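# Architecture and fold: a report
Spelled out, the chains give:
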Amino acid sequence: MKDLKTILEECSINDIYFSNRGTSILYKIPIYQRNYAWEREEIRALINDVYDSMTKSVYYIGTLVTYKRDENIYEVIDGQQRLTTIYIILKALGIETIGNHLTYSARKISATTIEKMPKFSEEKDQGIVDGFNYAKEALKDIVGEKKADMEAFQDFFLNKVHIIHYRVPKDVDLNHYFEVMNSRGEQLEKHEIIKAKLSNQLTGDDDAMQKFSRIWEACSDMGFYIQQKLPDINVFGKTMEDFVIESFDEFPSSNVGSSSSLGMKTISELLYSPIRMIDKYGEFDNNDHFQPIIDFPNFLLIVLKITRSWNEDDFDPLNFTLDDKELIKEFEKVNLTPEFVKDFAYNLLLAKYFLDNYVIHHANGEDRVLENPWKLQYYYKKGNKTAYLKDLYEDRKAQQNEVIQLLSMFEVAFTPKQRKNYLFYCLYHLFEDCDLDNYVEFLRKLADKYFFDVYLDASKLNDMNQPKPNSFDGTILNGSELNVELEDVERDFDSIYSIGSCNIPLYVFNYTDYKIWKKYAEELRGNKAKKDSRNRIDFFKALGCSDFELDVFNNFYFSRTRKSLEHYYPQAKAGDDMPISTQDINCFGNFAMIGSDANSSGSNWNPIDKKNRYLDTKSNPVSVASLKFRIMLQICQDNYDAGIKNKNIKRLFGLEWNVEDMVQHQEKMLEIIMNY
C-alpha cells in the first residue's frame, strides 16, 4: 500500500508555487481542460473569503489533482481554474518572481499571457487578462491600498491559505481514472457527507430514517417549490399553501414498502417490478422552475444557524460562518443526537417552505426593461385543479411591490451565496412571526438598520468602507434575539463618505434607489400623480430636476447587472489643470451604479453625451436603470436646455454637470435617505 503522504498532502500556496526543492515545478494544463473562465464575482468572492478568514489559523481553498508526466512536470487533472486564479492573485499582489510555473499545453496564446503577466501583448487570452484586472480591483476594494494591510494579506495568502494536493500515483491507468471520475459524475460533496453523518444518528429507527430522507431529498432541489417536490396535504394543507405540522414526528410516514421508502431498491427488484403509471398527484410543472437565490449547501448552513440559535442557550452566532467551505466544520461543532437531527430536519423543511413562498425568486433568463424578473409568490392548489402561483400580498399591491423591492435590494447588494446574512435574518424572523404586515415592517427596519447602524458606523467599516467580519451579526443579533430597532445615535454621512473618497459601497446606492422609489410610491398615488398636480410638482422639485414622466418609477427594479461605479463627470476630464478637480468628482453626488457594459463604453464622455447615449433607445436601459442616475441625467438635460434658452446662463460645453450640481444633488439625496 502506498504511503498516503506521497499522494495526498495539505499544502500552502507557498508550497505550491514557491517550494521547488531545488528544481522548478511546472504545472501544465492539458488541452482537454476548458479555458480560464472565472468572472469578477467569483474572484472577488475568493479574495473576500480569504480576507474575512485572516483571524483564523488556516483557510482551505479546495483540492488540486495532478498527474506526474515527467520529472517536475505535473499535468493538472482537476482544479485548474482554482490554480490559475491563485497564480493571477499572486501577480496582482505584485509578486514578480514565482518559483514554480504554470502553462497551457497546445494553447500558445494562453501560455504566453500567463508567462508575460502583468504585461500583455496585443495577442492575449482575454479571460486571463480580465481575471488579472478583476483581482487588482478586488484587492484594492477589499484589502485597501495601505502597504501594511496588503503585506498582511499577502503573508496570510501565501502561508495560511491551504489546498489539498492529490497526486495520482504513477502506476494508475489514467484512462481508467477518468472513466471512474466520469461514471461517478461529481465527487462526493460536502452536503452528502453531512447527510450521511445526520442519517447515522437515526440508525435503527426506520420510520425516522425514511422521514429524514424524504425531507432532505425534497429540500435539496432549490429550483422548485417544496410543495412541488413533496405534494402532501398532511404537510401543506388541502390547498398546499400552509404549513400545518408542528414537529418532525408529525411529518407523515411513507405508505410504501420499507426498501422503497428509503429511495432504494435492489437490482432484482428494479428488473422484475411491474411497470406502473405515476400518480398525477406526485407530478409537478417544470414551468414553475425558478432561479434560486441560494444553493443547497449554504442553505443548510442558514438552517443550522437557526437550529442552534433556537436550541442552544450558549450559542454564539459571531463564531458561525455562513460559507459552505466551512460546512463540515460547522456541523462538527454540534453534539449530534437523534433529537437534534429531527429538529434540524423539521427546521429544514419549514425554512424551505418560507424561502419558496415568502422570499423572492429570480425568473429564469436575462433582466429585461419592462418585466420585473423578481417574483414573490406562493404555491396554491385546490382539489384536482392544476396548481398555480399567487402574489404573497393578494389585493395589496403596495405591500407586494415594496417587499419585492426590499428583498431584491438586499439580494443585488449581497449576491454571493455565502454573503446572505440578510436571508438568515428574514427566515429567522419568519420562524418567529409570519404575519405579512409584520414582515413588511421588519424588512423596512432591517434596511434602515443596515444603512444607519452598519454603513454609517465607522467602527464597523474597514478602510475601504466595507463591513468588517461580523459587523452585521454584531449589530442585529442579540444572542438569539433579532434587533432591528435603530440605535439612538446621530449619524453623519459626510464624515464617512467625504468629498474626495470613492469608497462608497453598493448597498448605499441600492438603499438610495429604494428610498427614492418609496417616496414615489407614497406621494404619487392615484390622482396625485396627474401631470400638473401639486404633489407631482413638489415631488420632482424635491428630486432637484424637471418632470421626466413616471414610467421610470413604475418599471424600476434592482438589476443584478448594475454593479459598476460610474463617475458622471468623467475622471479623464478632471485634474489640477482641468475645470474640475479629481477631489471634487469623487463624491456621492457624482457617483451612480450602472452596468459594467455601459460604464466601459462611455466612461470618458462628457456628461451631456452620456445622457444622450444612455437614454437612447438603442442602449440597454437596464444597465442605467438607477433612479439616482436618472435624476442626474435629467439635471444635466435641464442645465443644457437652460443654457440654450437663457443667454445669461453661460456654461461651457462639457460642464452641463458641474461641481455645484454634484453638491446640490448630494444634498437632495441626503434629504431623502437621511430622513431629514
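Since this is a predicted model, take the numbers as computed values, not measurements.

## A closer look at the packing of helix α18 (residues 397–413) against helix α23 (residues 506–523)
Following both chains from N to C, one finds α18 and α23 inclined at 170 degrees, their axes separated by 9 Å at the closest point. Considered as vectors, α18 and α23 are oriented roughly antiparallel to each other. The residues of α23 that touch α18, namely those facing Asn401, Glu402, Gln405, Leu406, Met409, Phe410, Val412 and Ala413, are Leu506, Tyr507, Asn510, Tyr511, Tyr514, Trp517 and Lys518. Residue composition of the contact of α18 with α23, grouped by class: 10 nonpolar, 3 polar and 2 charged.

## Here's the deal with the packing of aromatic side chains
Inspection of every chain in the model, using the stated rule, returns 57 aromatic pairs. Centre to centre, the rings of Phe212 and Trp216 are 5.7 Å apart; their planes meet at 40 degrees, and the pair counts as tilted. Of the two residues, Phe212 and Trp216 both sit in helix α10 (residues 206–220), 4 residues apart, roughly one turn of that helix. In this pair, the class of Phe212 matches that of Trp216, namely buried. With a centroid separation of 6.1 Å and an interplanar angle of 25 degrees, the aromatic rings of Phe236 and Tyr353 are classed as stacked. On the criterion of sequence distance, the pair formed by Phe236 in helix α12 (residues 233–236) and Tyr353 in helix α17 (residues 338–358) is long-range, its members being 117 residues apart. Like Phe236, the residue Tyr353 is buried in the burial classification. A cation sits over an aromatic face here: Lys390 above Tyr380, 3.8 Å from the ring centre. Lying over the aromatic face of Phe588, Lys628 brings its terminal NZ or CZ to 4.8 Å of the ring centre.

## Considering α23
Relative to the 26 Å expected for 18 residues at 1.5 Å per residue, α23 spans 26 Å between its end C-alpha atoms, a close match to the ideal helical length. Of all 18 residues in α23, 16 are buried, a share of seventy percent or more.

## With respect to empty space enclosed by the protein
A full pass over the atoms with the stated rule returns 2 cavities of 30 Å³ or more. By volume, the largest cavity amounts to about 40 Å³. Along the walls of the largest cavity sit Met222, Phe290, Pro292, Ile293, Ile294, Leu355, Asp356 and His361, which together make up its complete lining. Here the lining of the largest cavity is composed, by residue class, of 6 nonpolar, 1 polar and 1 charged. What lines the second largest cavity is simply Ile294, Asn298, Ile302, Leu322, Lys417, Gln418 and Lys420. Of the residues that constitute the lining of the second largest cavity, the class distribution is 3 nonpolar, 2 polar and 2 charged.

## Comments concerning the pairing of strand β14 (residues 591–594)
Alternating positions in β14 separate into two faces, Phe591 and Met593 on one and Ala592 and Ile594 on the other, with burial throughout. In terms of strand pairing, strand β13 (residues 564–567) meets β14 through 4 bridges, oriented antiparallel. The residue of β14 that forms the bridge with Ser564 is Ile594.

## Concerning the confidence of the model for the protein
Predicted coordinates in areas of low pLDDT are best not read in detail. Taken as a whole, the protein shows an average pLDDT of 86; of its residues, 87% reach a score of 70 or greater. The model gives residues 1–5 a pLDDT under 50, and that stretch makes 2 contacts with residues more than four places away or in other chains. Below pLDDT 50 for its whole length, residues 182–187 participates in 3 contacts with residues either more than four positions away or in separate chains.

## A word on the side chain of Glu330
Its place among the elements puts Glu330 in helix α16 (residues 327–332). Accessibility expressed as a relative area gives 2% for Glu330, which makes it buried. One polar contact links the side chain of Glu330 to the main-chain amide nitrogen of Thr321, over a distance of 3.1 Å. Discounting residues that sit within four places of it in the chain, Glu330 has contacts with Leu301, Leu304, Arg308, Asn319, Phe320 and Thr321.

## Focus on the pattern of salt bridges
Summed over all chains, the structure comprises 39 salt bridges. The salt bridge partner of Lys563 is Glu41, with a shortest N-O separation of 3.4 Å. Of this pair, Lys563 sits in the loop between α25 (551–554) and β13 while Glu41 sits in helix α3 (residues 40–52), placing them 522 residues apart in sequence. Residue Lys563 is classed as partly exposed on the basis of its relative accessible area, which comes to 27%. Of the charged contacts, one joins Glu330 and Lys333 as a salt bridge, the two residues approaching to 3.1 Å between their closest N and O atoms. Given a relative accessible area of 44%, Lys333 falls into the partly exposed group. Linked through salt bridges whose partners overlap, the residues forming this network are Lys449, Asp453, Asp457, Lys460, Glu487 and Arg491.

Rules used throughout
- By convention here, each chain's residues receive numbers from 1 onward along its written sequence.
- In view of the model being predicted, local features appear only for residues whose pLDDT reaches at least 70, and side-chain atom pairs are presented and counted only at 80 or more, with totals across whole chains, interfaces and linings using the full set of residues.
- Computation of side-chain values: all heavy atoms of the structure, hydrogens and water removed.
- Think of each axis as a best-fit line through the C-alpha atoms, taken over the contacting stretch in the case of a helix, with angles from 0 to 180 degrees between the N-to-C directions.
- Helix and strand definitions here come from DSSP, where helices need a minimum of 4 consecutive H or I residues and strands a minimum of 2 consecutive E residues; each element is numbered from the N-terminal end.
- Angle categories are assigned with fixed cut-offs, so that under 35 degrees is roughly parallel, over 145 is roughly antiparallel, 65 to 115 is roughly perpendicular, and the rest are oblique.
- Whether two residues touch is decided by their heavy atoms; if any such pair falls within 4.5 Å, the residues are in contact.
- Only Asp, Glu, Lys and Arg are considered charged in this grouping, and only Ala, Val, Leu, Ile, Met, Phe, Trp, Tyr, Cys and Pro are considered nonpolar; every other residue, Gly among them, is considered polar.
- We call Phe, Tyr and Trp rings a pair once their centres come within 6.5 Å, taking the six-membered ring for Trp, and we label the pair stacked below 30 degrees between planes, edge-to-face above 60, and tilted otherwise.
- Whether a residue is buried, partly exposed or exposed follows from its accessible area with a 1.4 Å probe, protein chains only, as a fraction of its type maximum: under 20%, in between, or over 50%, in that order.
- Distance and angle both matter: a charge sits over a ring if NZ of Lys or CZ of Arg is within 6 Å of the ring centre and within 35 degrees of the ring normal.
- One less than the number of residues in a helix, times 1.5 Å, gives the span that helix is expected to have.
- Here the term cavity refers to a set of points on a 1 Å grid, laid over the protein atoms alone, in which a 1.4 Å probe fits but cannot get out; the term pocket refers to an open set having protein on both sides within 12 Å along at least five of seven lines, with lining residues being those that place an atom within 4 Å of a point.
- Grid points are joined across faces, edges and corners, and a volume is the space filled by probe spheres set on the points.
- The criterion for strand pairing is that DSSP finds at least two bridges linking the strands in question.
- Per residue, pLDDT measures the predictor's confidence, with a range of 0 to 100.
- What qualifies as a polar contact is a pair of N or O atoms within 3.5 Å, subject to a donor-acceptor requirement within protein and to the restriction that residues adjacent in sequence count only when both atoms come from side chains.
- The term salt bridge refers to a pairing of a side-chain nitrogen on Lys or Arg with a carboxyl oxygen on Asp or Glu at a separation within 4 Å.

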